Amino acid sequence: ILVARAGDPAYATVDIGVTDEGTDAAPWLAISHHAPREGPNPIRDVRRRFEDWRGRQAELVPVTTYDRLSPAVRDFVSVSAPHVVVRDVRLIDGTGAPARGGISVEIRGGRIARVGPAAEVGVPAGAEVVDGAGHTLIPGLVMLHEHLFYPSGQARYNTNEHSFPPLYLAGGVTTMRTGGSVDTYTDLRVRQHIEEGRIPGPHMDVTAPYLEGANGFVRAMPQLTTPEAARAHVNFWMDQGATSFKAYNLIGRATLGAAIEAAHARGAKVTGHLCSITYREAADLGIDNLEHGFFAATDWVEGKVPDVCPRGAGASYLSLDLDSPAFTDVVDHLVAKGVALTSTLNVVERRATDRPAPPRGAQEAMLPQLHERVMASLGRGGEQARVLLRKYMDMEKAFYDAGGLLVAGTDPTGAGDVVPGYANQRALQLLVEMGLTTEQAVEVATRNGARYLGRESEIGTIEVGKRADLVLLRGDPTEDVAAFRGTVLVFKDGVGYDSARLFESVKGWVGVR
C-alpha cells in the first residue's frame, strides 16, 4: 500500500507494505483476513498486485517545479537540480539586517533548507553548487505596482502578454501585483499559464478592471457611479479569479466605500491612484494601500471640492512644509489606519531633468518604431519636475520613518521609458537615493510586499522553510547600487533562471507583444 504523507513532495510515497491493521493516515485501507471467508485471500491479492506494479516501475521520483515546466520555459533555466547550494555569497536577507559575507544557502525541493556560514553549511552530498564568490544574494522581488500593458499613444494601452512576464522575471521579480488592469481576462490567463509552467514569469496577484468613475481618460476603464454597481463589479471579478482591486482618479466616496466593503467581505484588498478622494478620506473608508507615494494626494489642494478631481496638486506639494501638521497629520493618520504606500519613483523620475536615461537593454527592448518617441519625452518637466522628484522622495521617507508600510513598484506606463525588469532594478536604486540603506531598500521591495499580500510566511526573506525565491547579483550593492543591475540568476521556487537569456528573448518586443 502506498500512502502519501501531508509533508511529502507531490506524488512522493512511502512504502508501508501490506497490513491488516491500516494506518493512522488511512485506517480504511485495513483488510482483515482473520475472519474466515471464501475465495482468494484479499491480502495476498493486494500483495501480488503491488509486487507486480513495483516490478514494472523505476524509482518513483517526486515531481519538482522544473519537471512541470514546458520545454520552452526550460530553455531559460540554468539551475534545475532539486538540491542546490549557493556558496560563499554576500547575503542581504530582506529583514533589514546588515549584509553578511561568506554565507551559503542550501535549497531542497524548492525550499530554503539551510542558511549559515559557508564553512558550516559545506557542500552537502548530491548538491549542485553555485559559486557565490563576488556576488550578492537577495530575496526575489515582490513588486506591487506592475502592469501587463504599455502606452502606445493617445491614451491607448497595449497588453504585452508575451514580453512583460519574462522581463519581470529577468529583473528579479518573483511575485508581482498588477496595479490595475485594462485587459483582465488576458492577465488571468497569463497567470494561469505561468503557474502551469507554459511561459516564464513571476507569480501574479491579478487586479480586476479599475474602480473608476464616469468619463475616465482611458476608454477601456469601467464607469462606476453607484454603490450597487461597485458591489456587482467586485463580486463579478472575484468570481472570475481576480485577487485585488484598484480605484482610480474619478471614483466617488460612496462608490469606493461600497467597493472596499465588498472586497473585504471576500478577502481581497483595495488600493488606489486617487484624485477626487483625498488620502485621509480614503483611509477613513478603509482602503488598504495608496499608489505613487504622495504624488496623487489632493489633501493639500486649496478649495478641494468633495468627490471632484482638482487641478494644481503639483503646486500644493511645492509649498508644503513637511514638518507642518498639514503633512504630518496625514502621515500619522495613514499609519494609524494601517494604509500601505507604494513607491513608484520610476514613473516620476522620467519628467525631471538631468536624470539617467533607461539603460541600453531597456531601450533595445522597445519596439524600434516607439523608441524615438519615448526618448524624446524624457526630462520635459524641467526644473520643477526635478524639485518635485526630491520632494516626493522626502515625503515617502517621512512616511517610512513614521513607521508606515512602504512597498515598491514601477508602473510601466507614463511615456514608455519604464520597461519591466530593468525598471524593477532601478526602483531599488531610487529607494537608496531616497535615503534608505541598501538593506532597507531590499526589505521594502521584498518583505514589505510579501507582508502586504499576506504571504510573509512563504516569501519575502531568505529564511529556512520559505520558498526559494532568490536573486543572485554580480557585485555588492552596499558599495555600489549599480550592482542591482547585475542580475545573474533568478531562483523562483528553487529553479534558477538565466537573467540575460530572458532579457535577450524579448528584445524589440515591448510595445507590441
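Refer to the structure presented above.
This write-up is about the structure you can find in this document.

Parameters at a glance
Every chain's residues receive numbers from 1 upward, in the order its sequence appears when written. The model is predicted, so local features are restricted to residues of pLDDT at least 70 and side-chain atom pairs to those at 80 or more, both for listing and for counting; the totals for chains, interfaces and linings are taken over all residues. The side-chain numbers reported here are obtained from all heavy atoms of the structure, hydrogens and water having been left aside. DSSP-based pairing: two strands are paired if at least 2 bridges between them are found. For the purposes of this entry, the term helix denotes a DSSP run of H or I that reaches at least four residues, the term strand denotes a run of E that reaches at least two, and both are numbered from the N terminus. The nonpolar core is taken to be a set of buried Ala, Val, Leu, Ile, Met, Phe, Trp, Tyr and Cys residues, with the residues joined through side-chain atoms within 4.5 Å. Burial classes follow relative accessibility: with a 1.4 Å probe on protein chains only, a residue under 20% of its type's maximum area counts as buried, one over 50% as exposed, and anything between as partly exposed. Residue contacts follow a heavy-atom distance rule, with two residues in contact if any of their heavy atoms lie within 4.5 Å. By definition here, a salt bridge exists when the distance from a side-chain nitrogen of Lys or Arg to a carboxyl oxygen of Asp or Glu is within 4 Å. Think of each axis as a best-fit line through the C-alpha atoms, taken over the contacting stretch in the case of a helix, with angles from 0 to 180 degrees between the N-to-C directions. Stacked, edge-to-face and tilted are the three classes for Phe, Tyr and Trp ring pairs, Trp counted by its six-membered ring, which pair at centre distances within 6.5 Å; planes under 30 degrees apart are stacked, over 60 edge-to-face, the rest tilted. Consider the ring centre and the ring normal. A charge sits over the ring if Lys NZ or Arg CZ is within 6 Å of that centre and within 35 degrees of that normal.

**Describing the sheet that holds strand 17 (residues 340-343)**
Sheet architecture is open: three strands sit in the order 16-17-18, paired in parallel fashion. Edge positions in the open sheet fall to strand 16 (289-290) and strand 18 (406-408), since each of these has one partner strand only.

**What about the nonpolar core?**
If you look at the biggest cluster of nonpolar residues, it comprises 106 residues, and the most contacted ones within it are Phe245 and Phe294. In terms of residue count, the dominant contributor to this core is helix 14 (residues 382-401) (eight residues). Here Phe294 is in contact with Tyr279, Trp300, Tyr317, Phe327, Val331, Leu334, Leu341, Met395, Glu396 and Phe399, once residues within four sequence places are set aside. Val130, Ile462, Leu470 and Phe491 belong to the second-largest nonpolar core, a separate cluster that totals 17 residues.

**Remarks on the pattern of salt bridges**
A complete count under the given rule lists 25 salt bridges for this structure. A salt bridge links Arg426 to Glu349; the shortest N-O distance between them is 2.5 Å. Of the two residues, Arg426 sits in helix 15 (residues 422-434) while Glu349 sits in helix 11 (residues 345-349), which places them 77 residues apart along the sequence. Classification of Arg426 by relative accessible area gives buried; the value is 14%. Residue Glu349 is classed as buried on the basis of its relative accessible area, which comes to 8%.

**Focus: the pairing of strand 21 (residues 495-498)**
Going residue by residue along strand 21, you find Val495 and Tyr497 tucked away on one face and Gly496 and Asp498 tucked away on the opposite face as well. Here strand 3 (residues 77-79) runs beside strand 21; their pairing, made up of two bridges, is antiparallel. If you follow Val77 over to strand 21, its bridge partner there is Tyr497. Pairing geometry for strand 20 (residues 487-492) and strand 21, over four bridges, is antiparallel. Each residue of the ladder has a partner; that of Phe491, found in strand 21, is Gly496. From the end of strand 20 to the start of strand 21, which pair antiparallel, there are two residues, and Asp493 there has a positive phi angle of about 55°.

**Some points on the sheet that holds strand 12 (residues 173-178)**
Pairing is parallel across the open sheet formed by three strands, whose spatial order is 9-12-13. Two strands lie at the open edges of the sheet, namely strand 9 (141-146) and strand 13 (203-205), each paired on one side alone. Adjacent strand axes in the sheet meet at a mean angle of 20°, parallel and antiparallel pairs treated alike. Bridge count between strand 12 and strand 13: three bridges; the pairing is parallel. Bridge pairing in strand 13 links Met176 to Met204. Its contacts with the sheet put helix 5 (residues 184-195) on strand 12 and strand 13, and the angle it makes with strand 13 is roughly 150°.

**Remarks on unusual backbone geometry**
Note: most residues except glycine have negative phi, and most peptide bonds are trans. Even without being a glycine, Asp307 presents a positive backbone phi close to 65°. You can see Asp307 is positioned in the loop between strand 16 and helix 9 (313-318). A positive phi angle is found at Asp354, which is not glycine, with a value near 60°. Among the structural elements, Asp354 can be located in the loop between helix 11 and helix 12 (360-365).

**Quick word on the packing of aromatic side chains**
According to the stated counting rule, one finds 16 aromatic pairs in the structure shown. Consider the rings of Tyr210 and Tyr248, whose centres lie 4.9 Å apart with planes at 65°: the pair is edge-to-face. Of this pair, Tyr210 sits in the loop between strand 13 and helix 6 (227-240) while Tyr248 sits in the loop between strand 14 (244-247) and helix 7 (253-265), placing them 38 residues apart in sequence. On the accessibility criterion, Tyr210 (3% relative accessible area) is buried. Its relative accessible area of 9% is what places Tyr248 among the buried residues. In this structure an aromatic cluster arises from ring pairing among Tyr279, Phe294, Phe295, Trp300, Tyr317, Phe327, Tyr392 and Phe399. Its end group placed over the ring of Tyr66, Arg74 keeps NZ or CZ at 4.5 Å from the ring centre.

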